[in-house]
Amino acid sequence: MVLRNVLGGELADCSIDPVTGFTRTGRCEVTPEDVGVHGICVVLSAEFLTHQVQIGNDLVTPRPEWHFPGLVPGDRWCVVALRWLQSERVGYAAPVVLASTHESVLEVVPLEVLRKYAADVPDDPSSLED
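Residues numbered from 1 in each chain as written. Predicted model: local features only at pLDDT ≥ 70, side-chain atom pairs only at ≥ 80, totals over all residues. Heavy atoms only, no water.

Peer 1: Even after reading the chapter, I still don't get the packing of aromatic side chains, so can you show me in this structure?
Peer 2: Aromatic ring pairs are described here by two measures, namely the spacing of the ring centres and the angle between the planes. Within the structure shown, the criterion is met by two aromatic pairs. Pairing tryptophan 84 with tyrosine 117 gives two aromatic rings, centres 5.4 Å apart and planes at 80 degrees, and the pair type is edge-to-face. Residue tryptophan 84 is found in helix H2 (residues 81–89), and its partner tyrosine 117 is found in the segment after helix H3 (111–116); the two are separated by 33 residues along the sequence. Residue tryptophan 84 is classed as buried on the basis of its relative accessible area of 0%. (Phe/Tyr/Trp six-rings, centres within 6.5 Å; stacked < 30°, edge-to-face > 60°. Helix = DSSP H or I, 4+ residues; strand = E, 2+ residues; numbered from the N terminus. Buried < 20%, exposed > 50% of the residue type's maximum accessible area, 1.4 Å probe, protein only.)

Put into structure tokens, the structure is as follows:
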């Protein structure tokens, strides 16, 4: 089965250093077990990380028991769609890698919102047009 991104193409890797994804494959694949929809691949910013800590989602502190390294600005990471949207609504959205963002995210965040924060340009830029 081919996993699809929000642009309809094959889901690309988000990060293997650090290894991200609910399934820790490096891709933001969303499985039935992933009730949080860890499907948005972002390039982390200091503002986004600070806001996430403020809303109770500490992505900074290492958690070795969960094989979680703690994240820094510039890392790419699969984040929970609703958590990203919370930050977007108050002006702290992290840039989104559309080619690495799972299509199921569209049930939570409209494509036009994701496009505003696109950090990548697909091979066919016309797919970014309305």
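This is not the end of the story, as more comes after the structure.
Peer 1: Looking at this model, I keep getting lost on helix H1 (residues 46–54). Mind explaining?
Peer 2: Residues spaced three or four apart along an α-helix face the same direction, because each turn holds 3.6 residues. Buried within H1 we find Phe48, Leu49, His51 and Gln52. In a view along the axis of H1, the buried residues occupy a sector of 165 degrees, so they form one face of it. Those residues of H1 that are buried lie in contact with strand E2 (76–79) and H2. Just downstream of H1 lies glycine 56, where phi reads positive at about 90 degrees. (Arc of directions from axis to C-beta. Contact = heavy atoms within 4.5 Å.)

Peer 1: Looking at this structure, I do not really get the nonpolar core. What am I missing?
Peer 2: Counting 25 residues, the largest nonpolar core has Ile40, Val42, Val79, Trp84, Val109 and Leu114 as the members making the most contacts within it. Other than its neighbours up to four places away in sequence, isoleucine 40 contacts Cys28, Trp77, Cys78, Val79, Ala81, Trp84, Val96, Thr101, Val105, Val109 and Leu114. One finds Cys14, Cys41, Cys78 and Val97 within the second-largest nonpolar core, a separate group that totals five residues. (Core = buried A, V, L, I, M, F, W, Y, C linked by side-chain atoms within 4.5 Å.)

Peer 1: I would appreciate a short explanation of the state of the cysteines in the present structure.
Peer 2: Here, the word disulfide means a covalent bond between the sulfur atoms of two cysteines. Inspection of every chain in the model, using the stated rule, returns two disulfides. The disulfide that involves cysteine 14 links it to cysteine 41, with 2.1 Å between the sulfurs. One quick way to see it: the torsion about the S-S bond of cysteine 14 and cysteine 41 is about 85 degrees, and its sign makes the bridge right-handed. Here cysteine 14, found in the segment before strand E1 (40–43), pairs with cysteine 41, found in strand E1; they are 27 residues apart in sequence, far enough to count as distant. Here cysteine 28 connects covalently by a disulfide to cysteine 78, the sulfurs 2.0 Å from one another. (Disulfide = S-S within 2.5 Å.)

Peer 1: Sorry, what's going on with the side chain of serine 15 here?
Peer 2: Within the secondary structure, serine 15 is located in the segment before E1. Separated by 3.3 Å, the side chain of serine 15 and the backbone nitrogen of aspartate 17 make a polar contact. Looking at serine 15, its side chain comes within polar contact range of the main-chain oxygen of proline 18, at 2.6 Å. Apart from the residues within four sequence positions on either side, serine 15 is in contact with Thr20, Gly26 and Arg76. (Polar contact = N/O pair within 3.5 Å; in protein donor to acceptor, adjacent residues only side chain to side chain.)

By themselves, these are just geometric observations and shouldn't be taken as functional.
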